Amino acid sequence: MQAAHSGKRSGYLSWDDYFMAVALLSAQRSKDPSTQVGACIVNSQKRIVGVGYNGFPTGCSDDTLPWSREGDFIDTKYPYVCHAELNAVLNSVPGNLTGCAIYTALFPCNECAKVIIQAGIREVVYLSDKYAGTDSVRASRHMFEQAGVACRQLEPANPVVTIRLSENG
Ligand SMILES: O=c1[nH]c(=O)n([C@H]2C[C@H](O)[C@@H](COP(=O)(O)O)O2)cc1CO
Ligand SMILES: [Zn+2]
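The rules we used
- Residues numbered from 1 in each chain as written.
- Chains lettered and ligands numbered in written order.
- Predicted model: local features only at pLDDT ≥ 70, side-chain atom pairs only at ≥ 80, totals over all residues.
- Heavy atoms only, no water.
- UniProt positions renumbered as here; feature names shortened; annotations may be inferred.
- Helix = DSSP H or I, 4+ residues; strand = E, 2+ residues; numbered from the N terminus.
- Contact = heavy atoms within 4.5 Å.
- Salt bridge = Lys/Arg side-chain N within 4 Å of Asp/Glu carboxyl O.
- Buried < 20%, exposed > 50% of the residue type's maximum accessible area, 1.4 Å probe, protein only.
- Donors = N, O, S within 2.8 Å, 3.2 Å for Na, K, Ca; no water.
- Near = heavy atom within 4 Å.
- Polar contact = N/O pair within 3.5 Å; in protein donor to acceptor, adjacent residues only side chain to side chain.
- Areas by Shrake-Rupley, 256 points an atom, 1.4 Å probe, with all protein chains shown as cover.
- Nonpolar A, V, L, I, M, F, W, Y, C, P; charged D, E, K, R; others polar.

**Structural notes on the UniProt feature "binding site: Zn(2+)" (unreviewed entry) in the protein chain**
Part 1 of the reasoning: According to UniProt, the "binding site: Zn(2+)" (unreviewed entry) feature falls on His83, Cys109 and Cys112. A maximum C-alpha distance of 8.8 Å among these annotated residues, which run over 30 residues, shows that they cluster at one spot.
Part 2 of the reasoning: Mapped onto the elements, His83 comes out in the loop between strand E2 (48–53) and helix H2 (84–90).
Part 3 of the reasoning: In contact with His83, other than residues within four places in its own chain, are Tyr53, Asn54, Cys109 and Cys112.
Part 4 of the reasoning: On the secondary structure map, Cys109 appears in the loop between strand E3 (101–106) and helix H3 (110–119).

Next up, the structure:
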């Protein structure tokens, strides 16, 4: 006989871990061989209103444009790739992002910081800060501070979230 459950399940994902996991799942769609970034925008009712990952603009081929990091600027990915945060804002359900939070795998660059601020997003929750100290990140932090956008690095309650797509294996 199965024991009756008298209380709620333990081990469920916290909201923070859940939204970051959604961001990281989106990042799995990225074709960038070196850095995969995902972002998830959440409104004040804890509803997801936008997700995105870094990739080339719609209609621009992942197989034709370069994914390199080095060489002449025009021959690298940098002039072409849309950042995850930008895509999350642009992909968001029509409406107002004022007061939303954005969960992102990587601390936003200065260009995304501008988009985040102008969209009315009030909180940035990030995991990696691997480009801390670069001019881009310094400029982002400067703008977020002036605009009153709160930034915090997520300390996940669950370091690993497993998603199994098959019952076997
Ligand atoms: O905030 C960000 N969001 C974002 O989507 N990206 C993307 C752009 C590139 O595809 C990749 C960074 O590439 P790399 O680490 O090789 O320089 O991550 C990069 C940043 C930070 O620079
Ligand atoms: Zn960016």
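After that view, the rundown keeps rolling.
**Quick look at the pattern of salt bridges**
Part 1 of the reasoning: Evaluated as defined, the whole model comprises seven salt bridges.
Part 2 of the reasoning: The shortest N-O distance in the salt bridge between Asp129 and Arg141 comes to 3.2 Å. Of this pair, Asp129 sits in the loop between strand E4 (123–128) and helix H4 (135–147) while Arg141 is found in helix H4, placing the two residues 12 residues apart along the sequence.
Part 3 of the reasoning: What makes Asp129 partly exposed here is its relative accessible area of 22%.
Part 4 of the reasoning: It is possible to trace a salt-bridge network through shared partners that takes in Asp16, Glu123 and Arg152.

**Quick look at the coordination of the zinc ion (ligand 2)**
Part 1 of the reasoning: Binding of the zinc ion (ligand 2) to the protein goes through His83 (ND1), Cys109 (SG) and Cys112 (SG), at separations of 2.0 to 2.2 Å.
Part 2 of the reasoning: Here the donor residues of the zinc ion (ligand 2) share one chain and are spaced in sequence as H-x25-C-x2-C. Note that His83 is positioned in the loop between E2 and H2 and Cys109 in the loop between E3 and H3, a separation of 26 residues in sequence.
Part 3 of the reasoning: Residue class for His83 comes out partly exposed when judged on its relative accessible area of 32%.
Part 4 of the reasoning: On the basis of relative accessible area, Cys109 is assigned to the buried category, the value being 17%.

**Notes on the site of ligand 1**
Part 1 of the reasoning: What surrounds ligand 1 is a group of 18 residues, the closest being Thr35, Lys77, Tyr78, Glu85 and Tyr131.
Part 2 of the reasoning: In the model, an oxygen atom of ligand 1 is placed 2.8 Å from a nitrogen or oxygen of the Asn54 side chain.
Part 3 of the reasoning: In this structure, an oxygen atom belonging to ligand 1 sits 3.4 Å away from a main-chain N or O atom of Cys109.
Part 4 of the reasoning: Summarising the interface, the protein chains cover 93% of the accessible area of ligand 1, which totals 500 Å² for the free molecule.
Part 5 of the reasoning: Split into classes, the residues belonging to the shell around ligand 1 amount to nine nonpolar, four polar and five charged.

**Description of the UniProt feature "domain: CMP/dCMP-type deaminase" (unreviewed entry) in the protein chain**
Part 1 of the reasoning: Per the UniProt record, the feature "domain: CMP/dCMP-type deaminase" (unreviewed entry) sits at residues 14–137.
Part 2 of the reasoning: Measuring from the first to the last C-alpha atom of residues 14–137 gives 28 Å, for a span that is 27% helix and 19% strand.

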